[in-house]
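Take a look at the letters that make up each chain.
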Amino acid sequence: MNNECPIVHDLSSSYIDQLCSEESSRFIEQHISTCKSCAELLKEMHKEINIHKQQEFSSRLEQKKPFQKLARYFNAQNRFMKFSGYSFWITLIITLGFFINSVGVFTQINREKEKVQLIDQEQHEIMKKSFSLLTDSSHIDTKSLQDVFQEYKGKLKFLAVFSEQNIENSTVLKEGPTYTYPIDYSQAKLIIGEKGKITQPIIPHNYDIGTVAMADDQWIVQYEYKESYLKTVENAFQIKHYAPSTWTVFQIPITLMFIPIILATYWFIQKRIIKQMKNN
């Protein structure tokens, strides 16, 4: 050890931290180039500092890990919340589309049901007017029945009267106007068409919805619809007996409605949780 060694020892810390002046740095570098012990000292000090820095760096990394995990959690939650928000609006729009369509279907069905009521009312009126003219068991007021036919001639093809005693299985017809397969017109006491009383043989169509009949204790009244009006009657029959219920019409939008509700609920809950975590 020479006289310069204590000076180098004193300056070594500042030299390693790069705090020495240029002149002092040159002095130390010149000295360690010829002094092996001082060179080894600086080398060891470098190692200790590097180890300390590495330990400090590792410690900082360990300290950051929980925050990094938390940051990743927040980022993942934010992405999922954005996805939930987009999904909410998409499903809401789809649900509204189905709901609007269902409202249209429901409105149309109600309109058709109003037509069904009119046709049912019309059937009862025809039967009521016809039976009011058949009070005599031995006489049929042909002229008055022709007037009834003329009142509905735009819809009726034939109006016929039968003796209840001559027709089998007429009990079901006593319940009210009933769609039925046509009774054989050869058994009719009177048949009325557009030109009045019909005497020639008539071949009925083999279709139950196109024919309506009703019976009391003495007479059976039967009429057939015109082909031009038959489509309206068929549609009314389908609506009356096979129209979908209100639940069936709105089932899809009601079911879909739960999806945006669930997404919105989840979004608000998660937003509140994240806000509380950030405040803490």
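Residues numbered from 1 in each chain as written. Predicted model: local features only at pLDDT ≥ 70, side-chain atom pairs only at ≥ 80, totals over all residues. Heavy atoms only, no water.

A separate point is helix H4 (residues 142–151). Those residues of H4 not exposed but buried are Leu145, Val148 and Phe149. Along the axis of H4, the buried residues cluster in a sector spanning 100 degrees; they form a single face. (Buried < 20%, exposed > 50% of the residue type's maximum accessible area, 1.4 Å probe, protein only. Helix = DSSP H or I, 4+ residues; strand = E, 2+ residues; numbered from the N terminus. Arc of directions from axis to C-beta.)

This part takes up the pattern of salt bridges. By the definition in use, this model includes nine salt bridges. Lysine 174 is paired through a salt bridge with aspartate 217; the nearest N and O atoms lie 3.4 Å apart. In this pair, lysine 174 sits in the loop between strand E1 (156–163) and strand E2 (178–179) while aspartate 217 sits in the loop between strand E5 (211–215) and strand E6 (219–225), placing the two residues 43 residues apart along the sequence. The exposure class of aspartate 217 is exposed, given its relative accessible area of 61%. Lysine 226 is the partner of glutamate 194 in a salt bridge, and the nearest nitrogen-oxygen pair spans 2.4 Å. Within this pair, whereas glutamate 194 is found in the loop between strand E3 (188–193) and strand E4 (196–197), its partner lysine 226 is found in the loop between E6 and helix H5 (227–242), the two being separated by 32 residues in sequence. (Salt bridge = Lys/Arg side-chain N within 4 Å of Asp/Glu carboxyl O.)

All right, on to the nonpolar core then. Core analysis: the largest hydrophobic core is formed by 29 residues, its most contacted members being Leu134, Tyr223 and Tyr225. Sorting the residues of this core by element identifies helix H3 (36–131), H4, E1, E3, E5, E6 and H5 as the ones contributing at least two each. The biggest single contributor to this core is H5, with six residues. Judged by nonpolar contacts, the second largest core, of 13 residues, contains Phe158, Phe162, Leu173 and Ile198. (Core = buried A, V, L, I, M, F, W, Y, C linked by side-chain atoms within 4.5 Å.)

Glancing now at the sheet that holds E2. Pairing within the open sheet is antiparallel, and its six strands lie in the order E2-E5-E6-E1-E3-E4. On the outer flanks of this sheet lie E2 and E4, each paired with one strand and no other. One ladder, built from two bridges, connects E2 with E5; its direction is antiparallel. Bridge pairing in E5 places threonine 178 opposite alanine 213. The sheet strands contacting H4 are E1, E3 and E4, and the helix crosses E3 at an angle near 45 degrees. Against the sheet, H5 contacts E2 and E6, and its axis sits at roughly 105 degrees relative to E6. (Pairing = 2+ DSSP bridges. Contact = heavy atoms within 4.5 Å. Axes fitted to C-alpha atoms, helices over the stretch in contact; angles between N-to-C directions.)

So, on to the environment of valine 161. Tracing the chain through its elements places valine 161 in strand E1. For valine 161, a relative accessible area of 2% translates into the label buried. Expressed as a C-alpha distance, the spacing of valine 161 and threonine 142, which sit 19 residues apart in the sequence, is 10.0 Å. The contacts of valine 161, once residues within four sequence positions are left out, are Leu134, Ile140, Leu145, Ala188, Lys189, Leu190, Trp219 and Ile220.

Glancing now at the packing of aromatic side chains. This model, assessed by the stated rule, comprises twelve aromatic pairs. For the ring pair phenylalanine 88 and tryptophan 89, a centre distance of 5.1 Å and an interplane angle of 75 degrees mean the geometry is edge-to-face. Pairwise contacts between aromatic rings join Phe80, Phe83 and Tyr266 into one cluster. (Phe/Tyr/Trp six-rings, centres within 6.5 Å; stacked < 30°, edge-to-face > 60°.)

Moving on, we get to the pairing of E5. In terms of burial, E5 is a largely internal element, five of the five residues being buried. Taking every second residue as pointing to the same face, both faces of E5 are buried, with Thr211, Ala213 and Ala215 on one and Val212 and Met214 on the other. As paired strands, E5 and E6 are joined by five bridges and run antiparallel to one another. Counted as the bridge partner of threonine 211 is glutamate 224 from E6. In this antiparallel pair of consecutive strands, E5 and E6, the connection spans three residues.

Attention now moves to the pairing of E3. By the bridge criterion, four bridges tie E1 to E3 in an arrangement that is antiparallel. Residue valine 161 lies in a different strand from E3, and its bridge partner there is leucine 190. The pairing of E3 with E4 spans two bridges and is classified as antiparallel. Residue pairing across strands places isoleucine 192 opposite lysine 197, the latter belonging to E4. Between E3 and E4, which follow one another and run antiparallel, lie two residues.

For the rest of this paragraph, the subject is a nonpolar patch on the surface. A contiguous nonpolar surface patch, about 590 Å² in accessible area, is contributed by Trp247, Ile254, Met257, Phe258, Ile261 and Ile262. Tracing the chain through its elements places phenylalanine 258 in helix H6 (residues 246–279). (Patch = residues over 30% accessible without salt bridge, like charges linked within 9 Å, V, L, I, M, F, W, Y side chains within 5 Å. Areas by Shrake-Rupley, 256 points an atom, 1.4 Å probe, with all protein chains shown as cover.)

Turning to unusual backbone geometry, a few remarks are in order. Positive phi is not limited to glycine here, since asparagine 169 has a value of about 55 degrees. On the accessibility criterion, asparagine 169 (71% relative accessible area) is exposed.

Next up on the list: the side chain of glutamate 224. You can see glutamate 224 is positioned in strand E6. Of the side chains bearing the opposite charge, lysine 157 lies closest to the buried glutamate 224, which forms no salt bridge; the N-O distance is 4.9 Å. When sequence neighbours within four positions are dropped, the list of residues in contact with glutamate 224 reads Lys155, Leu156, Lys157, Phe158, Pro182, Tyr185, Pro204, His205, Gly210 and Thr211. (Lys, Arg positive; Asp, Glu negative; His and termini not counted.)

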